Amino acid sequence: MNYTKQDIIRMVEEDDVEFIRLQFTDMFGTLKNVAITKSQLEKALDNQCMFDGSSIEGFVRIEESDMYLHPDLDTFAIFPWRPQQGKVARIICDVYRADGTPFEGDPRYILKQQIKRAADMGYTFDVGPECEFFLFHVDDNGQPTTITHEKAGYFDLGPVDLGENARRDMVLTLEDMGFEIEASHHEVAPAQHEIDFKYDEGLTTADNIMTFKLAVKTIAKRHGLFASFMPKPKFGVNGSGMHINMSLSKDGKNIFDDPNGKLGLSQEAYYFIGGLIRHIKGMSLITNPLVNSYKRLVPGYEAPTYIAWSATNRSPLIRIPASRGAGTRVELRCPDPSANPYLALAACLAAGLDGIENKILPPEEVRENVFELNEVAKDEKGIDSLPANLGAAVEAFREDEYIRSILGQHISDKYEEAKKKEWAEYCAHVTQWEIEEYLYKI
(Lines give C-alpha, C1' and ligand atoms only; values in the text may rest on other atoms or scores of the structure.)
Protein backbone atom coordinates (compact mmCIF):
# COMPACT_ATOMS: atom_id res chain seq x y z
CA MET A 1 0.00 0.00 0.00
CA ASN A 2 1.17 3.47 -0.84
CA TYR A 3 -1.38 5.84 0.61
CA THR A 4 -1.31 9.57 -0.16
CA LYS A 5 -2.62 12.29 2.14
CA GLN A 6 -5.68 12.52 -0.11
CA ASP A 7 -6.28 8.75 0.26
CA ILE A 8 -6.26 9.07 4.07
CA ILE A 9 -8.60 12.08 4.06
CA ARG A 10 -10.97 10.28 1.65
CA MET A 11 -11.01 7.05 3.71
CA VAL A 12 -11.68 8.98 6.93
CA GLU A 13 -14.64 10.69 5.27
CA GLU A 14 -16.05 7.62 3.52
CA ASP A 15 -15.72 5.31 6.52
CA ASP A 16 -17.14 7.81 9.04
CA VAL A 17 -13.93 7.94 11.10
CA GLU A 18 -14.19 10.50 13.91
CA PHE A 19 -11.00 9.86 15.92
CA ILE A 20 -7.48 9.15 14.72
CA ARG A 21 -4.87 7.82 17.11
CA LEU A 22 -1.32 8.87 16.26
CA GLN A 23 0.67 5.98 17.69
CA PHE A 24 4.34 5.68 18.58
CA THR A 25 6.41 3.35 20.78
CA ASP A 26 8.63 4.27 23.72
CA MET A 27 12.05 2.81 24.51
CA PHE A 28 10.59 -0.12 26.47
CA GLY A 29 8.13 -1.16 23.77
CA THR A 30 5.06 0.48 25.33
CA LEU A 31 2.56 1.78 22.80
CA LYS A 32 1.67 5.47 23.21
CA ASN A 33 -0.72 7.66 21.31
CA VAL A 34 -2.03 11.16 20.79
CA ALA A 35 -5.72 11.10 19.78
CA ILE A 36 -7.06 13.75 17.41
CA THR A 37 -10.45 14.33 15.80
CA LYS A 38 -10.79 14.35 12.03
CA SER A 39 -10.89 18.17 12.05
CA GLN A 40 -7.17 18.05 12.97
CA LEU A 41 -6.27 15.38 10.42
CA GLU A 42 -4.76 17.62 7.72
CA LYS A 43 -2.57 19.33 10.29
CA ALA A 44 -1.35 15.92 11.53
CA LEU A 45 -0.70 14.70 7.97
CA ASP A 46 1.46 17.81 7.46
CA ASN A 47 3.65 16.64 10.37
CA GLN A 48 2.47 19.48 12.60
CA CYS A 49 1.18 17.42 15.54
CA MET A 50 3.36 18.19 18.56
CA PHE A 51 3.62 16.42 21.92
CA ASP A 52 5.64 16.73 25.11
CA GLY A 53 8.59 14.33 24.79
CA SER A 54 9.72 14.92 28.38
CA SER A 55 6.63 13.05 29.60
CA ILE A 56 7.77 9.80 27.96
CA GLU A 57 10.33 7.73 29.86
CA GLY A 58 13.65 7.57 28.03
CA PHE A 59 12.85 10.39 25.63
CA VAL A 60 14.16 13.90 26.44
CA ARG A 61 14.67 16.43 29.22
CA ILE A 62 12.06 19.08 30.00
CA GLU A 63 14.08 21.86 28.36
CA GLU A 64 14.00 20.16 24.93
CA SER A 65 10.59 18.60 25.14
CA ASP A 66 8.79 19.65 21.94
CA MET A 67 8.57 16.62 19.64
CA TYR A 68 6.64 16.13 16.41
CA LEU A 69 4.82 13.08 15.11
CA HIS A 70 5.33 12.28 11.41
CA PRO A 71 2.60 9.81 10.35
CA ASP A 72 3.60 6.82 8.21
CA LEU A 73 0.60 6.93 5.88
CA ASP A 74 0.86 3.25 4.90
CA THR A 75 0.06 2.21 8.48
CA PHE A 76 -3.46 3.70 8.44
CA ALA A 77 -5.95 1.16 9.82
CA ILE A 78 -9.44 1.30 11.34
CA PHE A 79 -9.99 -0.46 14.67
CA PRO A 80 -12.72 -3.10 14.05
CA TRP A 81 -13.57 -3.23 17.77
CA ARG A 82 -14.57 0.43 18.10
CA PRO A 83 -18.09 1.87 17.37
CA GLN A 84 -19.39 1.67 13.83
CA GLN A 85 -20.53 5.29 13.93
CA GLY A 86 -17.71 7.71 14.64
CA LYS A 87 -15.06 5.03 14.05
CA VAL A 88 -11.53 5.09 15.44
CA ALA A 89 -8.47 4.70 13.20
CA ARG A 90 -4.76 4.74 13.84
CA ILE A 91 -1.60 5.81 12.04
CA ILE A 92 1.83 4.75 13.32
CA CYS A 93 4.22 7.70 13.52
CA ASP A 94 7.92 8.42 13.55
CA VAL A 95 9.16 10.87 16.19
CA TYR A 96 11.05 13.97 15.09
CA ARG A 97 12.74 16.85 16.87
CA ALA A 98 11.54 20.43 16.44
CA ASP A 99 14.41 21.08 13.99
CA GLY A 100 13.03 18.44 11.60
CA THR A 101 15.62 15.72 12.33
CA PRO A 102 14.62 12.18 13.34
CA PHE A 103 14.71 11.66 17.10
CA GLU A 104 17.54 9.27 17.95
CA GLY A 105 15.54 7.88 20.88
CA ASP A 106 12.71 6.64 18.63
CA PRO A 107 12.97 2.81 18.44
CA ARG A 108 11.30 2.79 15.01
CA TYR A 109 14.06 5.07 13.70
CA ILE A 110 16.71 2.65 15.01
CA LEU A 111 15.15 -0.24 13.06
CA LYS A 112 14.75 1.90 9.92
CA GLN A 113 18.47 2.69 10.03
CA GLN A 114 19.40 -1.02 10.01
CA ILE A 115 16.86 -1.80 7.28
CA LYS A 116 18.43 0.96 5.16
CA ARG A 117 21.88 -0.49 5.88
CA ALA A 118 20.66 -3.89 4.67
CA ALA A 119 19.07 -2.27 1.59
CA ASP A 120 22.38 -0.55 0.77
CA MET A 121 23.91 -4.05 0.73
CA GLY A 122 21.11 -5.18 -1.60
CA TYR A 123 19.11 -7.07 1.04
CA THR A 124 15.49 -7.12 2.16
CA PHE A 125 14.99 -8.30 5.75
CA ASP A 126 11.98 -10.62 6.15
CA VAL A 127 10.69 -11.59 9.58
CA GLY A 128 7.99 -13.93 10.87
CA PRO A 129 7.33 -13.82 14.64
CA GLU A 130 5.66 -16.48 16.80
CA CYS A 131 3.85 -14.61 19.56
CA GLU A 132 2.73 -16.51 22.68
CA PHE A 133 0.53 -15.17 25.47
CA PHE A 134 -1.62 -16.26 28.42
CA LEU A 135 -5.34 -15.66 28.92
CA PHE A 136 -6.14 -15.22 32.62
CA HIS A 137 -9.22 -14.35 34.65
CA VAL A 138 -9.67 -10.90 36.17
CA ASP A 139 -10.76 -10.22 39.76
CA ASP A 140 -13.92 -8.44 40.91
CA ASN A 141 -12.22 -5.07 40.30
CA GLY A 142 -11.24 -6.00 36.76
CA GLN A 143 -7.59 -6.40 37.71
CA PRO A 144 -5.56 -9.26 36.16
CA THR A 145 -4.86 -12.46 38.09
CA THR A 146 -2.85 -15.56 37.16
CA ILE A 147 -5.93 -17.72 37.71
CA THR A 148 -7.28 -19.96 34.98
CA HIS A 149 -9.78 -22.81 35.17
CA GLU A 150 -8.63 -24.49 31.99
CA LYS A 151 -6.26 -27.44 31.86
CA ALA A 152 -5.69 -27.75 28.11
CA GLY A 153 -2.29 -28.55 26.60
CA TYR A 154 -0.48 -28.31 23.26
CA PHE A 155 -2.88 -28.19 20.28
CA ASP A 156 -5.91 -29.11 22.43
CA LEU A 157 -9.30 -27.85 21.30
CA GLY A 158 -12.64 -26.90 22.81
CA PRO A 159 -14.33 -27.58 25.11
CA VAL A 160 -11.03 -28.29 26.96
CA ASP A 161 -9.54 -25.08 25.50
CA LEU A 162 -11.67 -22.44 27.24
CA GLY A 163 -9.90 -19.62 25.40
CA GLU A 164 -10.89 -20.94 21.96
CA ASN A 165 -13.73 -18.45 21.42
CA ALA A 166 -11.58 -15.50 22.46
CA ARG A 167 -8.75 -16.70 20.23
CA ARG A 168 -11.10 -17.10 17.26
CA ASP A 169 -12.32 -13.51 17.75
CA MET A 170 -8.71 -12.33 17.90
CA VAL A 171 -7.92 -14.04 14.60
CA LEU A 172 -11.01 -12.54 12.90
CA THR A 173 -10.19 -9.08 14.26
CA LEU A 174 -6.58 -9.28 13.08
CA GLU A 175 -7.74 -10.42 9.63
CA ASP A 176 -10.09 -7.42 9.54
CA MET A 177 -6.99 -5.26 10.06
CA GLY A 178 -5.16 -6.85 7.13
CA PHE A 179 -3.15 -9.57 8.90
CA GLU A 180 -2.68 -12.91 7.17
CA ILE A 181 -3.00 -15.42 10.01
CA GLU A 182 -1.14 -18.65 9.26
CA ALA A 183 -2.00 -20.62 12.41
CA SER A 184 -3.47 -20.29 15.87
CA HIS A 185 -3.46 -22.93 18.56
CA HIS A 186 -3.34 -23.70 22.25
CA GLU A 187 0.21 -23.79 23.58
CA VAL A 188 1.88 -26.18 26.06
CA ALA A 189 0.80 -24.54 29.34
CA PRO A 190 -2.80 -24.19 30.53
CA ALA A 191 -4.27 -20.88 29.30
CA GLN A 192 -1.32 -20.32 26.93
CA HIS A 193 -1.95 -19.51 23.28
CA GLU A 194 -0.09 -18.74 20.07
CA ILE A 195 -1.21 -16.88 16.95
CA ASP A 196 1.22 -16.81 14.03
CA PHE A 197 0.93 -14.25 11.24
CA LYS A 198 2.67 -14.29 7.87
CA TYR A 199 6.20 -13.02 7.62
CA ASP A 200 6.77 -9.57 6.15
CA GLU A 201 9.45 -6.96 5.69
CA GLY A 202 11.13 -6.08 9.01
CA LEU A 203 9.57 -2.67 9.73
CA THR A 204 6.07 -3.90 8.83
CA THR A 205 6.54 -6.91 11.11
CA ALA A 206 7.61 -4.73 14.07
CA ASP A 207 4.56 -2.50 13.48
CA ASN A 208 2.41 -5.65 13.26
CA ILE A 209 3.70 -6.99 16.58
CA MET A 210 2.65 -3.75 18.31
CA THR A 211 -0.79 -3.89 16.63
CA PHE A 212 -1.09 -7.60 17.45
CA LYS A 213 -0.56 -7.01 21.18
CA LEU A 214 -3.11 -4.19 21.25
CA ALA A 215 -5.73 -6.26 19.39
CA VAL A 216 -5.18 -9.38 21.52
CA LYS A 217 -5.47 -7.43 24.79
CA THR A 218 -8.56 -5.59 23.56
CA ILE A 219 -10.43 -8.72 22.43
CA ALA A 220 -9.45 -10.62 25.60
CA LYS A 221 -11.01 -7.84 27.66
CA ARG A 222 -14.23 -8.16 25.67
CA HIS A 223 -14.35 -11.81 26.74
CA GLY A 224 -13.79 -10.91 30.39
CA LEU A 225 -10.20 -12.17 30.23
CA PHE A 226 -6.77 -10.58 30.53
CA ALA A 227 -4.13 -11.28 27.88
CA SER A 228 -0.64 -11.23 29.36
CA PHE A 229 2.58 -11.11 27.36
CA MET A 230 4.64 -11.50 30.54
CA PRO A 231 7.40 -14.04 29.78
CA LYS A 232 6.89 -16.29 32.83
CA PRO A 233 3.72 -15.47 34.78
CA LYS A 234 3.49 -18.87 36.53
CA PHE A 235 6.08 -21.07 38.19
CA GLY A 236 6.24 -24.68 37.04
CA VAL A 237 4.83 -24.22 33.52
CA ASN A 238 6.32 -23.05 30.22
CA GLY A 239 6.83 -19.34 29.72
CA SER A 240 5.87 -17.33 26.64
CA GLY A 241 8.40 -16.76 23.89
CA MET A 242 8.44 -14.69 20.75
CA HIS A 243 10.57 -16.75 18.38
CA ILE A 244 11.88 -14.64 15.51
CA ASN A 245 12.19 -16.29 12.08
CA MET A 246 14.50 -14.31 9.80
CA SER A 247 15.73 -14.39 6.22
CA LEU A 248 17.41 -12.03 3.79
CA SER A 249 16.41 -11.77 0.14
CA LYS A 250 18.18 -10.20 -2.81
CA ASP A 251 16.39 -9.49 -6.10
CA GLY A 252 13.43 -11.50 -4.80
CA LYS A 253 15.50 -14.60 -3.98
CA ASN A 254 16.05 -15.92 -0.46
CA ILE A 255 19.84 -15.75 -0.11
CA PHE A 256 19.93 -18.16 2.85
CA ASP A 257 18.92 -20.98 0.49
CA ASP A 258 21.59 -22.94 -1.37
CA PRO A 259 20.66 -26.44 -2.60
CA ASN A 260 24.38 -27.22 -3.00
CA GLY A 261 25.40 -25.90 0.41
CA LYS A 262 25.88 -27.91 3.59
CA LEU A 263 22.37 -28.54 5.04
CA GLY A 264 21.00 -26.61 2.05
CA LEU A 265 22.23 -23.32 3.53
CA SER A 266 24.27 -20.60 1.84
CA GLN A 267 27.52 -19.13 3.14
CA GLU A 268 25.62 -15.93 4.01
CA ALA A 269 23.24 -17.95 6.19
CA TYR A 270 26.19 -19.36 8.15
CA TYR A 271 27.71 -15.90 8.55
CA PHE A 272 24.33 -14.55 9.72
CA ILE A 273 24.16 -17.30 12.35
CA GLY A 274 27.76 -16.53 13.32
CA GLY A 275 26.91 -12.86 13.85
CA LEU A 276 23.91 -13.73 16.02
CA ILE A 277 26.01 -16.07 18.16
CA ARG A 278 28.79 -13.46 18.44
CA HIS A 279 26.41 -10.80 19.78
CA ILE A 280 23.62 -12.73 21.50
CA LYS A 281 24.88 -12.05 25.03
CA GLY A 282 25.04 -8.31 24.40
CA MET A 283 21.61 -8.41 22.72
CA SER A 284 19.92 -10.33 25.55
CA LEU A 285 19.05 -7.12 27.40
CA ILE A 286 17.05 -6.12 24.31
CA THR A 287 15.51 -9.50 23.41
CA ASN A 288 14.82 -10.42 27.06
CA PRO A 289 14.45 -7.11 28.88
CA LEU A 290 12.78 -7.97 32.21
CA VAL A 291 13.80 -9.56 35.50
CA ASN A 292 11.03 -12.02 34.70
CA SER A 293 12.47 -12.84 31.25
CA TYR A 294 15.23 -14.89 32.87
CA LYS A 295 12.73 -17.00 34.84
CA ARG A 296 11.67 -18.36 31.42
CA LEU A 297 15.24 -19.05 30.26
CA VAL A 298 15.85 -22.02 32.56
CA PRO A 299 16.34 -25.72 31.68
CA GLY A 300 13.28 -27.94 31.52
CA TYR A 301 10.70 -25.67 29.89
CA GLU A 302 11.67 -25.74 26.18
CA ALA A 303 13.21 -22.24 26.28
CA PRO A 304 16.88 -22.03 25.27
CA THR A 305 19.60 -21.38 27.84
CA TYR A 306 22.72 -22.37 25.87
CA ILE A 307 24.31 -20.61 22.91
CA ALA A 308 24.25 -23.20 20.13
CA TRP A 309 22.54 -23.81 16.79
CA SER A 310 21.03 -26.81 15.04
CA ALA A 311 19.06 -27.86 11.99
CA THR A 312 18.03 -31.15 13.62
CA ASN A 313 16.61 -30.44 17.08
CA ARG A 314 14.68 -27.79 18.96
CA SER A 315 16.77 -27.39 22.10
CA PRO A 316 19.39 -24.85 20.92
CA LEU A 317 19.14 -21.09 20.84
CA ILE A 318 19.11 -20.94 17.03
CA ARG A 319 17.15 -23.46 14.99
CA ILE A 320 17.06 -23.90 11.23
CA PRO A 321 13.52 -25.11 10.38
CA ALA A 322 13.25 -27.89 7.80
CA SER A 323 11.78 -25.93 4.87
CA ARG A 324 14.16 -24.84 2.10
CA GLY A 325 13.78 -22.71 -1.00
CA ALA A 326 11.84 -19.51 -0.31
CA GLY A 327 11.08 -20.79 3.23
CA THR A 328 14.73 -21.07 4.35
CA ARG A 329 15.12 -19.14 7.57
CA VAL A 330 17.00 -18.73 10.82
CA GLU A 331 14.87 -18.98 13.98
CA LEU A 332 16.13 -17.21 17.11
CA ARG A 333 14.31 -18.78 20.06
CA CYS A 334 15.32 -16.69 23.09
CA PRO A 335 13.32 -13.44 22.55
CA ASP A 336 10.14 -13.04 24.55
CA PRO A 337 7.06 -10.88 23.92
CA SER A 338 8.08 -8.23 26.48
CA ALA A 339 10.83 -7.11 24.07
CA ASN A 340 10.51 -3.87 22.14
CA PRO A 341 10.07 -5.35 18.63
CA TYR A 342 11.77 -2.42 16.88
CA LEU A 343 14.91 -2.67 18.99
CA ALA A 344 14.90 -6.49 19.02
CA LEU A 345 14.67 -6.73 15.22
CA ALA A 346 17.25 -3.96 14.77
CA ALA A 347 19.68 -5.87 17.02
CA CYS A 348 19.02 -9.19 15.22
CA LEU A 349 19.51 -7.68 11.78
CA ALA A 350 22.62 -5.76 12.83
CA ALA A 351 24.19 -8.87 14.40
CA GLY A 352 23.50 -10.89 11.26
CA LEU A 353 24.89 -8.18 8.97
CA ASP A 354 28.02 -7.99 11.12
CA GLY A 355 28.41 -11.72 10.56
CA ILE A 356 28.08 -11.30 6.78
CA GLU A 357 30.37 -8.25 6.56
CA ASN A 358 33.09 -9.80 8.71
CA LYS A 359 32.58 -13.42 7.60
CA ILE A 360 31.97 -14.65 11.16
CA LEU A 361 31.58 -18.42 11.06
CA PRO A 362 29.43 -20.11 13.72
CA PRO A 363 30.68 -23.06 15.77
CA GLU A 364 29.76 -26.58 14.66
CA GLU A 365 26.10 -27.56 14.65
CA VAL A 366 24.98 -29.28 17.87
CA ARG A 367 22.92 -32.35 17.00
CA GLU A 368 22.38 -33.64 20.53
CA ASN A 369 19.84 -32.29 22.99
CA VAL A 370 21.89 -29.52 24.63
CA PHE A 371 20.03 -29.91 27.95
CA GLU A 372 21.28 -33.50 28.24
CA LEU A 373 24.96 -32.64 27.76
CA ASN A 374 27.07 -32.46 30.92
CA GLU A 375 29.35 -29.52 31.67
CA VAL A 376 32.45 -31.29 30.32
CA ALA A 377 30.73 -32.06 27.00
CA LYS A 378 29.48 -28.46 26.73
CA ASP A 379 33.01 -27.15 27.39
CA GLU A 380 34.46 -29.49 24.76
CA LYS A 381 31.98 -28.19 22.20
CA GLY A 382 32.55 -24.57 23.29
CA ILE A 383 28.89 -24.11 24.22
CA ASP A 384 28.40 -20.96 26.28
CA SER A 385 25.28 -19.89 28.22
CA LEU A 386 22.94 -16.94 27.86
CA PRO A 387 23.05 -14.40 30.73
CA ALA A 388 21.47 -16.01 33.80
CA ASN A 389 19.63 -12.90 34.98
CA LEU A 390 18.96 -9.26 34.17
CA GLY A 391 22.07 -8.13 36.06
CA ALA A 392 24.30 -10.36 33.92
CA ALA A 393 22.48 -9.14 30.78
CA VAL A 394 23.21 -5.51 31.72
CA GLU A 395 26.91 -6.39 32.07
CA ALA A 396 26.97 -8.18 28.71
CA PHE A 397 25.19 -5.24 27.04
CA ARG A 398 27.72 -2.82 28.49
CA GLU A 399 30.58 -4.87 27.01
CA ASP A 400 29.17 -5.19 23.47
CA GLU A 401 30.24 -1.92 21.84
CA TYR A 402 28.81 -2.99 18.50
CA ILE A 403 25.24 -3.51 19.77
CA ARG A 404 25.46 -0.24 21.73
CA SER A 405 26.53 1.57 18.57
CA ILE A 406 23.50 0.14 16.72
CA LEU A 407 21.09 1.50 19.33
CA GLY A 408 22.99 4.78 19.60
CA GLN A 409 24.26 6.49 22.72
CA HIS A 410 20.90 8.02 23.67
CA ILE A 411 18.99 4.73 23.89
CA SER A 412 21.97 2.66 25.10
CA ASP A 413 22.67 4.93 28.08
CA LYS A 414 19.04 5.46 29.11
CA TYR A 415 18.11 1.80 28.59
CA GLU A 416 21.07 0.52 30.59
CA GLU A 417 20.41 2.99 33.39
CA ALA A 418 16.75 1.95 33.63
CA LYS A 419 17.56 -1.77 33.60
CA LYS A 420 20.30 -1.43 36.24
CA LYS A 421 17.74 0.31 38.46
CA GLU A 422 15.15 -2.43 37.78
CA TRP A 423 17.68 -5.14 38.73
CA ALA A 424 18.77 -3.30 41.90
CA GLU A 425 15.14 -2.88 43.00
CA TYR A 426 14.45 -6.56 42.41
CA CYS A 427 17.57 -7.64 44.33
CA ALA A 428 16.51 -5.49 47.30
CA HIS A 429 12.95 -6.83 47.29
CA VAL A 430 11.97 -9.50 49.83
CA THR A 431 9.96 -12.12 47.97
CA GLN A 432 7.25 -14.47 49.17
CA TRP A 433 9.59 -17.38 48.41
CA GLU A 434 12.11 -16.06 50.95
CA ILE A 435 9.44 -15.65 53.62
CA GLU A 436 8.20 -19.21 53.07
CA GLU A 437 11.72 -20.63 52.88
CA TYR A 438 13.43 -18.87 55.80
CA LEU A 439 10.99 -17.24 58.22
CA TYR A 440 10.13 -20.37 60.21
CA LYS A 441 13.67 -21.79 60.18
CA ILE A 442 15.67 -18.92 61.55
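Above this text is the structure in question.
Residues numbered from 1 in each chain as written. Predicted model: local features only at pLDDT ≥ 70, side-chain atom pairs only at ≥ 80, totals over all residues. Heavy atoms only, no water.

Trainee: Teacher, can you tell me more about the layout of surface pockets here?
Mentor: Empty pockets left among the atoms are what a rolling probe the size of a water molecule brings to light. By volume, the largest pocket is sized at about 880 Å³. Around the largest pocket, the lining is made up of 43 residues, and of these Glu 130, Asn 245, Arg 319, Arg 329 and Glu 331 lie nearest the centre. Residue assignment for the lining of the largest pocket shows that the elements contributing at least two residues are strand S7 (124-137), strand S8 (181-186), strand S9 (192-197) and strand S12 (242-250). In terms of residue count, S12 provides more of the lining of the largest pocket than any other element does, 6 residues in total. When the residues that make up the lining of the largest pocket are grouped by side-chain class, the tally is 12 nonpolar, 17 polar and 14 charged. Approximately 650 Å³ is the volume attributed to the second largest pocket. Along the wall of the second largest pocket there are 27 residues; nearest its centre are Met 1, Asp 74, Thr 75, Thr 204 and Asn 208. The element contributing the most residues to the lining of the second largest pocket is helix H5 (residues 202-222), with 5 residues. Taken together, the residues of the lining of the second largest pocket sort by class into 12 nonpolar, 5 polar and 10 charged. (1 Å grid on protein atoms, 1.4 Å probe; cavity = no way out; pocket = protein on both sides within 12 Å on 5 of 7 lines; lining within 4 Å. Points joined across faces, edges and corners; volume = space filled by probe spheres on them. Helix = DSSP H or I, 4+ residues; strand = E, 2+ residues; numbered from the N terminus. Nonpolar A, V, L, I, M, F, W, Y, C, P; charged D, E, K, R; others polar.)

Trainee: What am I meant to see in the side chain of Ser 338 here?
Mentor: Considering the arrangement of structural elements, one finds Ser 338 in the loop between strand S17 (330-332) and helix H8 (341-357). Judged by relative accessible area, which is 15%, Ser 338 ranks as buried. Those residues in contact with Ser 338 that sit more than four places away from it in its chain are Phe 28, Lys 213, Phe 229, Pro 231, Pro 289, Leu 290 and Ser 293. (Buried < 20%, exposed > 50% of the residue type's maximum accessible area, 1.4 Å probe, protein only. Contact = heavy atoms within 4.5 Å.)

Trainee: Just to check I follow, could you spell out the pattern of salt bridges for this structure?
Mentor: Pairs can form between side chains of opposite charge once their charged atoms are near each other. Taken as a whole, this structure holds 21 salt bridges when the rule is applied. Notably, a salt bridge pairs Lys 112 with Asp 94, separated by 2.8 Å at the nearest N-O pair. Highlighted residues: Lys 112 in helix H3 (residues 107-120) and Asp 94 in strand S6 (residues 87-97), separated in sequence by 18 residues. Looking at Asp 94, the relative accessible area reads 7%, which means it is buried. (Salt bridge = Lys/Arg side-chain N within 4 Å of Asp/Glu carboxyl O.)

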